[in-house]
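Below, each chain spelled out in residue letters.
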Amino acid sequence: MRISFTVRIRKTGCWICPPPISHRYLAVRSGIGHFGYSGNIITDAELIPTEPLPEEENYCDECKICLAVCSSGYVDPLEKVTVNLGGKEFTYGKRRSNSRCFLVCGGLTGLNASGKWSTWSPARFEIPKKDEDFIAALPGAIEAYLKRPKIKGGFFICLIPGNRMEYTCSNCHFVCHPDKEVRKARYRMLSESGVVIQEPDGTCRAVSPEEAKEFLKAMPLERRKLYESVPEE
């Protein structure tokens, strides 16, 4: 089966059109896993297609810790999506604009609103609250990203031709576990992990929020602008 992708920026705030068939939907319908509230597929099953897994075995209890570790606000905390697959209904939290994930998970910015921890992106630009504001936030964040020290590795992306990006998050996957105590422990691990900064050679490391502020403050103004918004004097 061949599935093609069409990439385009639109006024709707969606930066990439999904394929005509969702692999997540097929995975649930074929018995590979369950929908977690985040809309991700959660499973520890061998990848052998079967009938859908019994709902009573779904360990997602809608704790929404996956939402707590998502700095982009990608999944709506209240509104849900229900899909009918082969006569069976499946439900998960409604996903907002994909531009949210591009901006934060893609590494363009990553500081949590609390200011106490971040993704592995060293940038600290403000993360918009409304879907419609994400498209406007992308050009400046991309320009700053391209001027920062180059990362090692990463993947090519069609929206920034010839340049690599680094997937800096996936926290929603990390915290999801059958044992709720493990989820809580992983949440604490992330929220207490500190803030990421970038050295001139491109190396990233985690430091305390206070150390990160001092590190940015000591930068030359033009370099600092590549990481955070600086008020004009």
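Above this text is the structure in question.
As the structure is a computational prediction, the values presented were derived from the model and not from experiment.

**Q** Hey, could you run me through the overall build of the chain in this one?
**A** If you tally the helices and strands in the chain, you get eight helices and 10 strands. Working note: accessible area of the chain is about 13,500 Å², and carbon and sulfur atoms make up 55% of it.

**Q** Quick question: what am I supposed to make of unusual backbone geometry here?
**A** Most of the time, phi is negative for any residue but glycine, and the peptide bond is trans. In this structure, glutamate 62 takes a positive phi of about 60° despite not being glycine. Here glutamate 62 lies in the loop between β4 (41-42) and α2 (65-68). With a relative accessible area of 36%, glutamate 62 lands in the partly exposed category. Positive phi values are uncommon outside glycine, yet serine 170 reaches one of about 65°. Its place among the elements puts serine 170 in the loop between β8 (164-165) and α5 (171-175).

**Q** Help me out: how do you make sense of the packing of aromatic side chains in this one?
**A** Where two aromatic rings form a pair, the distance of their centres and the angle of their planes describe that pair. Scanning all chains against the criterion turns up three aromatic pairs. Judged by centre distance (6.0 Å) and plane angle (85°), the ring pair of tyrosine 25 and phenylalanine 35 falls under edge-to-face. Of this pair, tyrosine 25 sits in helix α1 (residues 23-29) while phenylalanine 35 sits in strand β3 (residues 34-35); the two residues are 10 residues apart in sequence, bridging distant segments of the chain. Residue classification places tyrosine 25 among the partly exposed residues on the basis of a relative accessible area of 21%. The interplanar angle of 35° and the centroid separation of 4.4 Å between the aromatic rings of phenylalanine 35 and tyrosine 92 together place this pair among those described as tilted.

**Q** Whenever I open this one, the pattern of salt bridges confuses me. Can you help?
**A** Opposite charge on two side chains lets them pair, provided their charged atoms get close. Going through the model one piece at a time under the given rule, you end up with 14 salt bridges. A salt bridge links arginine 29 to glutamate 51, with the nearest nitrogen and oxygen atoms 3.8 Å apart. Within this pair, whereas arginine 29 is found in helix α1, its partner glutamate 51 is found in the loop between β4 and α2, the two being separated by 22 residues in sequence. One continuous salt-bridge network, built from bridges that share partners, spans Asp61, Lys180 and Arg183.

**Q** Before we go on, may I ask you to explain the layout of surface pockets in this structure?
**A** It is the rolling of a water-molecule-sized probe over the atoms that shows where space remains empty. Approximately 270 Å³ is the volume attributed to the second largest pocket. Looking at the second largest pocket, it is lined by 18 residues, and the ones nearest its centre are Phe35, Glu55, Asn58, Phe90 and Thr91. Of the residues forming the lining of the second largest pocket, the biggest block, four residues, is contributed by strand β6 (residues 88-95). In the lining of the second largest pocket, the residues fall into nine nonpolar, five polar and four charged.

**Q** How should I be thinking about the state of the cysteines in this particular structure?
**A** Throughout this description, disulfide means a covalent bond between two cysteine sulfur atoms. All told, the structure shown has zero disulfides when counted by the stated rule. Cysteine 101 takes part in no disulfide bond, and the closest cysteine sulfur, belonging to cysteine 105, lies 3.2 Å away. Cysteine 60 supplies the cysteine sulfur nearest to cysteine 176, a cysteine that is in no disulfide, at a spacing of 6.4 Å. Among the residues examined, cysteine 176 registers a relative accessible area of 28% and is labelled partly exposed.

**Q** What should I look at first to understand the pairing of β6 in this one?
**A** Regular strands have side chains that alternate between both faces of the sheet. The sheet contact formed by strand β5 (residues 75-85) and β6 spans seven bridges and is antiparallel. Bridge assignment links asparagine 84 to a residue of β6, and that residue is glutamate 89.

**Q** Would you take a moment to explain helix α6 (residues 180-191) for this structure?
**A** For an α-helix the count is 3.6 residues per turn, leaving residues at separations of three or four pointing the same way. The end-to-end C-alpha separation of α6 is 16 Å, in line with the 16 Å expected for 12 residues at 1.5 Å each. Arg183, Leu190 and Ser191 are the residues of α6 that are buried. Taken down its axis, α6 places every buried residue within 90° of arc, on the same side. Projecting away from the buried face of α6 at angles above 90 degrees are the exposed residues Glu181 and Met189. Packed against the buried residues of α6 are α2 and α5. Regarding α6, its N-cap is aspartate 179, as a side-chain oxygen of that residue lies 2.8 Å from the backbone nitrogen of glutamate 181 further along.

**Q** Just to check I follow, could you spell out the side chain of asparagine 112 for this structure?
**A** For asparagine 112, the location among the structural elements is in the loop between α3 (98-104) and α4 (134-147). A polar contact is formed between the side chain of asparagine 112 and the side chain of serine 114, at a distance of 2.8 Å. Asparagine 112 has contacts with Ser71, Trp117 and Ser118, leaving out every residue within four places of it along the chain.

Definitions and cut-offs
- Counting restarts for each chain: residues are numbered from 1 in the order of the written sequence.
- Only residues with pLDDT of at least 70 get local features here, since the model is predicted, and only at 80 or more are side-chain atom pairs given and counted; chain-wide, interface and lining totals rely on the full set of residues.
- Side-chain numbers come from the whole structure's heavy atoms, not from hydrogens or water.
- Put simply, DSSP H or I for four residues or longer makes a helix, DSSP E for two residues or longer makes a strand, and each gets a number counted from the N terminus.
- Note on areas: these come from Shrake-Rupley sampling with a 1.4 Å probe, and a residue is covered only by the protein chains present in the view.
- Between buried and exposed lies partly exposed: a residue is buried under 20% and exposed over 50% of the maximum accessible area for its type, with that area taken using a 1.4 Å probe on protein chains only.
- We call Phe, Tyr and Trp rings a pair once their centres come within 6.5 Å, taking the six-membered ring for Trp, and we label the pair stacked below 30 degrees between planes, edge-to-face above 60, and tilted otherwise.
- What makes a salt bridge here is a side-chain nitrogen of Lys or Arg within 4 Å of a carboxyl oxygen of Asp or Glu, nothing more.
- Grid points spaced at 1 Å and placed over the protein atoms alone form the basis of the search, with a cavity being a set where a 1.4 Å probe fits but cannot get out and a pocket an open set showing protein on both sides within 12 Å along at least five of seven lines. Lining residues have an atom within 4 Å of a point.
- Grid points are joined across faces, edges and corners, and a volume is the space filled by probe spheres set on the points.
- By the convention adopted, Pro, Cys, Tyr, Trp, Phe, Met, Ile, Leu, Val and Ala count as nonpolar, Lys, Arg, Asp and Glu as charged, and the other residues, Gly among them, as polar.
- Sulfur atoms of two cysteines make up a disulfide when they are within 2.5 Å.
- Only strands joined by at least two bridges in the DSSP assignment are considered to pair.
- Here a helix's expected span is defined as the number of its residues, less one, multiplied by 1.5 Å.
- As used here, the arc belongs to the directions running from the helix axis to the C-beta atoms.
- By the convention used here, residues are in contact when the closest approach between their heavy atoms is within 4.5 Å.
- Any N or O atom pair separated by 3.5 Å or less is treated as a polar contact, with the protein-specific requirement of one donor-capable and one acceptor-capable atom, and with residues adjacent in sequence counted only for side-chain atom pairs.

Scope: geometric values only; no functional claims are made or implied.
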